[in-house]
Amino acid sequence: MANIKITKVLATSKKKPFLFFLLLIFSFIQTYSKSTTHRFSNNDDVLIDSLKNLGNAKVKQGDYDQAFTFYFKALEIAEKNNNLKSISDLYNNLGVGYNDLKKYDRATEYHLRALKIRKELGLKKEVGASLQNLGNIYYNKMEDSTAMSYYQQALKIQKQIGDRSNEATSLIDIAGIYVDQEKDDEAIKFTLQALTIRKELGEQNRLARIYENLGDMLSMKGDHSGALKYFDAALTIADSLNAKRDMMQIYESYSNTYEQMKDPVNALKYFKLFTSYKDSVFNENNNNQINELVTKYETEKKEKENALLSAGIKTKEKQLLKEKTKFFVSIGLLLFVATISVLLYNRNKLKQNKIFSEQMLKQEKLRLKAVILTQETERKRIALELHDGLGQMLSAARLNVAALDGKNGNSKNQYNNALILIDDSCRELRNISHDMMPALLVKSGLVSAVEELASKSGSSSLVIHIDHDGNIGRMPPETEINIFRIIQELLNNIIKYAQATEVHIQFIREDNYLSFLIEDNGKGFNKNILATSKGNGWHNIQSRLELIQGKIEIDSKPLNGTVIHIEVPLKTKMDIIAYEKA
């Protein structure tokens, strides 16, 4: 069961020698293979196994074209000799390969062929394996009911023949489907059964993964303390076995669980451990694959040499065995060199891609910050110009008009109308100046500015409530103005479209985070339309959130109102110092 849980940079001149080298290797393998096949005709079974092993090695390297070439060559020989067992094994390998490539129809076809032969031969253990593989295909296709049927058939056979190890595997596969169906109790039940079997069989190297899966399940249920206990048990076993791949995945589970617990310190700690193991596991796995391949060839060589010696094989056959040994050793060495080359190439490529992506992201953030900063600076300048320039001129005009004294009724009316128009102009000027850059935001901070905004936005048909814990304090100006503009935009949208009668705005400080909640009792909306929205309002909100690294969650359905939750980190030292001093 799976745990519940790249851009082109290198120059062409660097790729060509590498590609040429790989082509040379594969050409050598094919040519050598063709030139020696006729000499191996008396040992077809050995040749079938060798080609199958070469295909398996290519699958591990991700070279499915070359792997299938070896499989089909072996299949041709097996079919010529009517070797049904080898034919079924090769059908099985082809099915696994096509499943990896997500060609599920071809994968199903070959697994069904293998299943038919294995049933005819009475190979019950292999029948169970074929049923498991068919279940895996339908699980990948997200057809859980069909996958469950195959897994249960496999489980039934494994229980009948006492295949306890594969029985545990089927139990884990079934648990995986229950996880997808959010039947957590059933998933835990089957996983515990698998755990019992693994313990009885003494399969210590496979216990860590089960403990980790149990921890992930409990974490999803919200039982974080229980999850951490299972992770501790998994880590103890993995560490004793030096199972770095398992340790890497356990550290990732730790990090995810602490993140759900809102414990950023431990989440970051285990995330760093996860990433530190990731590269070493990647390198180690590739080396292990080559070592296993070479060991397998050496073991086969020794076994065949002993068999030939004990049977008194002629000198010519011994020479044939030597030639085969040289062939396998040559292939092993070439594969080793090719894998190292691929590893170095991919590592450098990934490094360059990461640098390029980080630079692009940094440039985009700087551009976005400059745009918003320019907007706010221009708003502030215009607000000051309006207040200090036009505002002063209107005030002077009112004083001059007020100094006049109308002598008759008509001039008196004109005089009063002039004063009213000037007063209205002054009020409108103050409102525009405030919208451009609220003075209270600069002077008293975010909460006071939002309270003033609410008092001006509210009406007899819309009541706006503001709640906070009194510990909000001041933040860097950039953070305050961006949060204020986001709330301003959301309130405008509520007033324009929501037809709400009440709005609640709540501020909460949690460690180094500021959370605020905006809830209305309006008509709601389908939030999926935001994905294709071309409006400036939603774009501005997203841009400002990206600039201050904020996260937004929207819960809204037609006729059920809207709840918007936004969380903004205050995680830099300057943020925290300013926050604490306020």
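Cut-offs applied
- Residues numbered from 1 in each chain as written.
- Predicted model: local features only at pLDDT ≥ 70, side-chain atom pairs only at ≥ 80, totals over all residues.
- Heavy atoms only, no water.
- Salt bridge = Lys/Arg side-chain N within 4 Å of Asp/Glu carboxyl O.
- Helix = DSSP H or I, 4+ residues; strand = E, 2+ residues; numbered from the N terminus.
- Buried < 20%, exposed > 50% of the residue type's maximum accessible area, 1.4 Å probe, protein only.
- Expected span 1.5 Å × (residues − 1).
- Contact = heavy atoms within 4.5 Å.
- pLDDT = per-residue confidence, 0-100.
- Phe/Tyr/Trp six-rings, centres within 6.5 Å; stacked < 30°, edge-to-face > 60°.
- Axes fitted to C-alpha atoms, helices over the stretch in contact; angles between N-to-C directions.
- Parallel < 35°, antiparallel > 145°, perpendicular 65-115°, else oblique.
- Left-handed = near helix turned anticlockwise from the far one by under 90°.
- Nonpolar A, V, L, I, M, F, W, Y, C, P; charged D, E, K, R; others polar.
- Core = buried A, V, L, I, M, F, W, Y, C linked by side-chain atoms within 4.5 Å.

**Q** Just to check I follow, could you spell out the pattern of salt bridges for this structure?
**A** Charged atoms that come close allow side chains of opposite charge to pair. For the structure on display, the rule yields 15 salt bridges. Ionic pairing is found between Arg118 and Asp89, a salt bridge with its closest N-O pair at 3.1 Å. In this pair, Arg118 sits in helix 5 (residues 104-121) while Asp89 sits in helix 4 (residues 84-100), placing the two residues 29 residues apart along the sequence. Owing to a relative accessible area of 4%, Arg118 belongs among the buried residues under this scheme.

**Q** Looking at this model, I keep getting lost on helix 7 (residues 144-161). Mind explaining?
**A** Helical geometry: 3.6 residues make up each α-helical turn, so side chains three or four residues apart lie on a common side. Between its first and last C-alpha, helix 7 extends 26 Å over 18 residues, near the 26 Å set by a 1.5 Å rise per residue. For helix 7, the full list of buried residues reads Asp144, Ala147, Met148, Tyr150, Tyr151, Ala154, Leu155, Ile157 and Gln158. Looking at the buried side of helix 7, the elements it contacts are helix 5, helix 6 (124-140) and helix 8 (164-180). Of the residues trailing helix 7, Gly162 is marked for its positive phi of about 75°.

**Q** What is the right way to look at the confidence of the model for the protein in this model?
**A** Model confidence for the protein is summarised by a mean pLDDT of 78, while 72% of its residues fall at 70 or above. Mean pLDDT per element in the protein: helix 20 (residues 573-581) is the minimum at 46, and helix 5 is the maximum at 94. Taken as a whole, residues 34-42 scores under 50 in pLDDT and shows six contacts with residues more than four places along the chain or in a different chain. Segment residues 572-582 is flagged for pLDDT under 50; beyond a separation of four residues in sequence, or across chains, it makes 16 contacts in the model.

**Q** Whenever I open this one, the packing of aromatic side chains confuses me. Can you help?
**A** Scanning the entire structure with this criterion turns up 15 aromatic pairs. For the pair Tyr64 and Phe68, a centre-to-centre distance of 6.4 Å together with 70° between the ring planes defines the contact as edge-to-face. Pair noted here: Tyr64 and Phe68 are both in helix 3 (residues 64-80), with a separation of four residues, about one helical turn. As far as the burial class goes, Tyr64 and Phe68 line up, both buried.

**Q** Would you mind showing me how to read the packing of helix 4 against helix 5 here?
**A** Two quantities define a packed helix pair, namely the angle between the helix axes and the distance between the axes. At a minimum axis distance of 8 Å, the contact between helix 4 and helix 5 shows a crossing angle of 155°. Classified by the angle their axes make, helix 4 and helix 5 are roughly antiparallel. Crossing angle aside, the handedness with which helix 4 passes helix 5 is left-handed. Side by side, helix 4 and helix 5 meet where Leu84, Lys85, Ile87, Ser88, Asp89, Tyr91, Asn92, Leu94, Gly95, Val96, Tyr98 and Asn99 of the first sit next to Tyr104, Arg106, Ala107, Tyr110, His111, Arg113, Ala114, Ile117, Arg118 and Leu121 of the second. A breakdown of the residues in the contact of helix 4 with helix 5 according to their chemical character gives twelve nonpolar, five polar and five charged.

**Q** Where do I start with the nonpolar core in this structure?
**A** A general feature of soluble globular proteins is that nonpolar side chains tend to end up buried together. Counting 81 residues, the largest nonpolar core has Tyr251 and Tyr254 as the members making the most contacts within it. For this core, the element with the highest residue contribution is helix 3, accounting for nine residues. Once residues lying within four places of it in the same chain are set aside, the contact partners of Tyr254 are Leu228, Phe231, Asp232, Leu235 and Tyr270. Leu462, Ile464, Leu514 and Ile518 belong to the second-largest nonpolar core, a separate cluster that totals 37 residues.

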